[in-house]
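# Residue-level structure breakdown
The residues making up each chain are set out below.
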Amino acid sequence: MHLADPRSNLWTHTAAPGPDCPALQGDHVADVAVIGGGYTGLSAALHLAMGGARVILLETGQPGFGASGRNNGQVIPVYSRHGPDDAVAAFGDERGERLNQMVAGSADLVFDLIRKHDIDCDAAQEGWLQPAHRPSRMRGIQAKHDQWAARGAPVEMYDAARAAELTGSPIYHGGWMHRAGGHIQPLGYARGLARAAQAAGAMVRGDSPVLSIDRDGGKWRLKVAGGNVRAEKVILATNGYTGNLFPNLRQTIIPLRSTHVATTALSDNVAKSVLPGNHGLSDTRQALWAFRKDRFGRIVTTSAPVFTTGARARMAASTLRRLNIAFPQIERPEIEYVWEGIIAMTYERLPRYHELAGGIMTALGYSGRGIALGTAVGRMMAERALGKPVNELPLPALPLKPWPMHDLVVPFSRTMAWYFKWRDSRD
Ligand SMILES: Cc1cc2nc3c(=O)[nH]c(=O)nc-3n(C[C@H](O)[C@H](O)[C@H](O)COP(=O)(O)OP(=O)(O)OC[C@H]3O[C@@H](n4cnc5c(N)ncnc54)[C@H](O)[C@@H]3O)c2cc1C
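## What to know about the nonpolar core
In terms of nonpolar packing, the biggest core is built from 64 residues, with Leu 48, Ile 184, Tyr 189, Ile 235 and Val 377 touching the most fellow members. With nine residues, the single largest contributor to this core is helix α11 (residues 370-385). Once residues within four sequence positions are removed from consideration, Leu 48 is found in contact with Val 32, Val 34, Ala 53, Val 55, Ile 235, Ala 382, Ala 385 and Leu 386. In terms of nonpolar packing, the next biggest core, distinct from the first, is built from 22 residues, Ile 56, Trp 220, Val 224 and Ile 360 among them.

## Let's talk about the site of the ligand
Among the 35 residues in the neighbourhood of the ligand, the closest are listed as Thr 40, Glu 59, Ser 68, Gln 74 and Val 210. Between the ligand and Thr 60 there is a distance of 3.1 Å, counted from a nitrogen atom to a backbone nitrogen or oxygen. The contact in question runs from an oxygen atom of the ligand to an N or O atom on the backbone of Ala 67, over 3.0 Å. Here the ligand has 1,000 Å² of accessible area as a free molecule, and 95% of this is covered by the chains. Elements represented by at least two residues in the shell around the ligand include exactly α2 (39-50), β12 (254-263), β16 (335-345) and α11. Residue classes in the shell around the ligand are distributed as 14 nonpolar, 18 polar and three charged.

## Some points on the packing of α2 against helix α8 (residues 186-200)
The relative placement of two packed helices comes down to the angle between their axes together with the axis-to-axis distance. At a minimum axis distance of 8 Å, the contact between α2 and α8 shows a crossing angle of 25°. Here α2 is positioned roughly parallel relative to α8, judged by the angle of their axes. The handedness of the crossing between α2 and α8 is left-handed. Listed contacts from α8 to Tyr 39, Leu 42, Ser 43, Ala 45, Leu 46, Ala 49 and Met 50 of α2 are Pro 186, Tyr 189, Ala 190, Leu 193, Ala 194, Ala 196, Ala 197 and Ala 200. Taken together, the residues of the contact of α2 with α8 sort by class into 14 nonpolar, one polar and no charged.

## Considering unusual backbone geometry
Here the phi dihedral of Leu 275 falls at roughly 40°; this positive angle occurs in a residue that is not glycine. On the basis of relative accessible area, Leu 275 is assigned to the buried category, the value being 1%. Positive phi is not limited to glycine here, since Ser 367 has a value of about 55°. For Ser 367, the position within the fold is in the loop between β18 (360-364) and α11.

## A short note on the side chain of His 183
Within the secondary structure, His 183 sits in strand β7 (residues 182-183). Taking the relative accessible area as the measure of exposure, His 183 reaches 3% and is therefore buried. Residues contacting His 183, with those up to four places away along its chain left out, are Gly 73, Gln 74, Val 75, Phe 111, Asp 122, Ala 123, Ala 124, Asn 278, His 279, Gly 280, Arg 292 and Lys 293.

## Digging into the packing of aromatic side chains
The full count for this structure, using the stated rule, is seven aromatic pairs. Pairing Tyr 347 with Trp 403 gives two aromatic rings, centres 6.1 Å apart and planes at 70°, and the pair type is edge-to-face. Of the two residues, Tyr 347 sits in the loop between β16 and β17 (352-357) while Trp 403 sits in the loop between α11 and α12 (406-424), which places them 56 residues apart along the sequence. Overall, the relative accessible area of 26% leaves Trp 403 in the partly exposed class. Above the ring of Phe 65, the side-chain terminus of Arg 70 is found at 5.2 Å from the ring centroid. Across the ring face of Trp 289, the terminal group of Arg 285 is positioned such that the distance to the ring centre comes to 3.6 Å.

What counts and how
- Per-chain numbering applies: the sequence of each chain, read as written, is numbered from 1 onward.
- Local features in this predicted model are restricted to residues whose pLDDT is 70 or higher, and side-chain atom pairs enter the listing and the counts only when it is 80 or higher, whereas totals over whole chains, interfaces and linings include all residues.
- Computation of side-chain values: all heavy atoms of the structure, hydrogens and water removed.
- What is meant by a nonpolar core is a set of buried Ala, Val, Leu, Ile, Met, Phe, Trp, Tyr and Cys residues, joined one to another through side-chain atoms within 4.5 Å.
- Exposure classes here rest on a 1.4 Å probe applied to the protein chains alone. A residue is buried below 20% of its type maximum, exposed above 50%, and partly exposed in between.
- Here a strand is any run of E in DSSP of at least two residues, a helix any run of H or I of at least four, and the numbering for each starts at the N terminus.
- By the convention used here, residues are in contact when the closest approach between their heavy atoms is within 4.5 Å.
- Think of it this way: one heavy atom of a residue within 4 Å of a molecule or strand is enough to make that residue near it.
- Whenever two N or O atoms come within 3.5 Å, that pair is a polar contact, provided that in protein one can donate a hydrogen and the other can accept it, and provided that, for residues adjacent in sequence, both atoms are side-chain atoms.
- Shrake-Rupley sampling with a 1.4 Å probe provides the accessible areas, and residues are treated as covered by the protein chains on show and by no other component.
- The residue classification treats Ala, Val, Leu, Ile, Met, Phe, Trp, Tyr, Cys and Pro as nonpolar and Asp, Glu, Lys and Arg as charged. All others, Gly included, are polar.
- Note on method: axes are straight lines fitted to C-alpha atoms, helices fitted across the in-contact stretch only, with angles between N-to-C directions ranging 0 to 180 degrees.
- Between 65 and 115 degrees an angle is taken as roughly perpendicular, under 35 as roughly parallel, over 145 as roughly antiparallel, and anywhere else as oblique.
- When the near helix sits turned anticlockwise from the far one by under a right angle, the crossing is termed left-handed; a clockwise turn instead gives a right-handed crossing.
- Two aromatic rings from Phe, Tyr or Trp, using only the six-membered ring of Trp, form a pair when their centres are within 6.5 Å; if the ring planes differ by under 30 degrees the pair is stacked, by over 60 it is edge-to-face, and anything between is tilted.
- Note on geometry: a ring has a charge over it if NZ (lysine) or CZ (arginine) is within 6 Å of the ring centre and within 35 degrees of the ring normal.

Shape is all these values report; function is a separate question.
What follows is the structure, given as structure tokens:
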């Protein structure tokens, strides 16, 4: 086990190597500068370069350093809390349905990009399962299923017996499946997007934290340690890792620290009995239980600690208890990797898009659904930077809405995990 090792992220040990992304040196000019090398920024850079723009992407670490290299890898083309009818209620018929279309097509976008750019990331579009951990949760699932089915999505309901077959777990009461979903090796996908963006003509620079953004004549000047980038437009794709580059932006989201745990590889027989169809699974708990297997037969699962001190050891222990309940056929599971990442949450659990100041745009707050959605929103911002009118975008450009007393709200929000667990235990 690599409990104390800060490099104990499973994905860094098993991803295909990334492209060469040296630090930025000297002064450069671009049409669009992208800050942040996760799925949002990389997808934006790729689509901008494919659209003929001169683009430079700057990343603090290497591509996939943030949440994009640390997540569960489940590609899920639905909202985390809402159904498509809620999007229509919130944004009106036209915009709401445009947003629904983007979300519905987002998993296909990911898997199409993987195929088109030959990205080595263990892509498995076998479907995504959301089983009900309580009988009462079947009502909500049925409603989401019906709303997406009415829009032509490849979804289906199943009962408790089928849930047991699909999940390999005896604890579920039925559920729904989205056939367009699946899973990927998340860091491999980020690295592959970076390689594809470079091949399309983008300059991708790692180890290049942007220190400031200033107006310089008619352009923006981004300062990094080794040089500067001058650009007409800027896409800020820093999401849960947002610092103080732009006033009040960090305060619009709750950065939720999530712990991830991977077991050792299971024996072939046992591995085949867990998620036998190689689906991804995120159940109906608010304090989510999510499971998927990696290429070697490890189970990868997630947990949100209330207190960060000692969290790795506690999360490893609670994962073993959880596995005993969910998959009792794994007789003595062992933990091999434990690591952390930051999920950007919004109050309404929908991403927010902002046009901050002449030519600076940002989107953040995918609330745990950013693999498919971040890729789609990155493409959306590329289209906007290439000239698409703002009223034709799937997301409205909203004013910034910072949380009052953000520094107090963030630690308090962690304690919500207790409340969610209590709610989850009630029918
Ligand atoms: C533990 C965990 C599990 C998750 N599981 C899933 C899942 O199964 N399915 C799903 O859909 N989503 C999941 N998510 C969410 C998903 O990972 C994110 O929504 C997605 O990766 C967001 O991508 P992004 O590009 O917007 O942000 P990020 O990948 O976080 O990228 C932001 C980048 O900005 C960089 N940056 C910040 N400031 C600067 C600066 N000043 N200069 C240069 N660079 C800067 C950071 O270094 C970082 O790399 C999970 C997240 C976590 C943490």
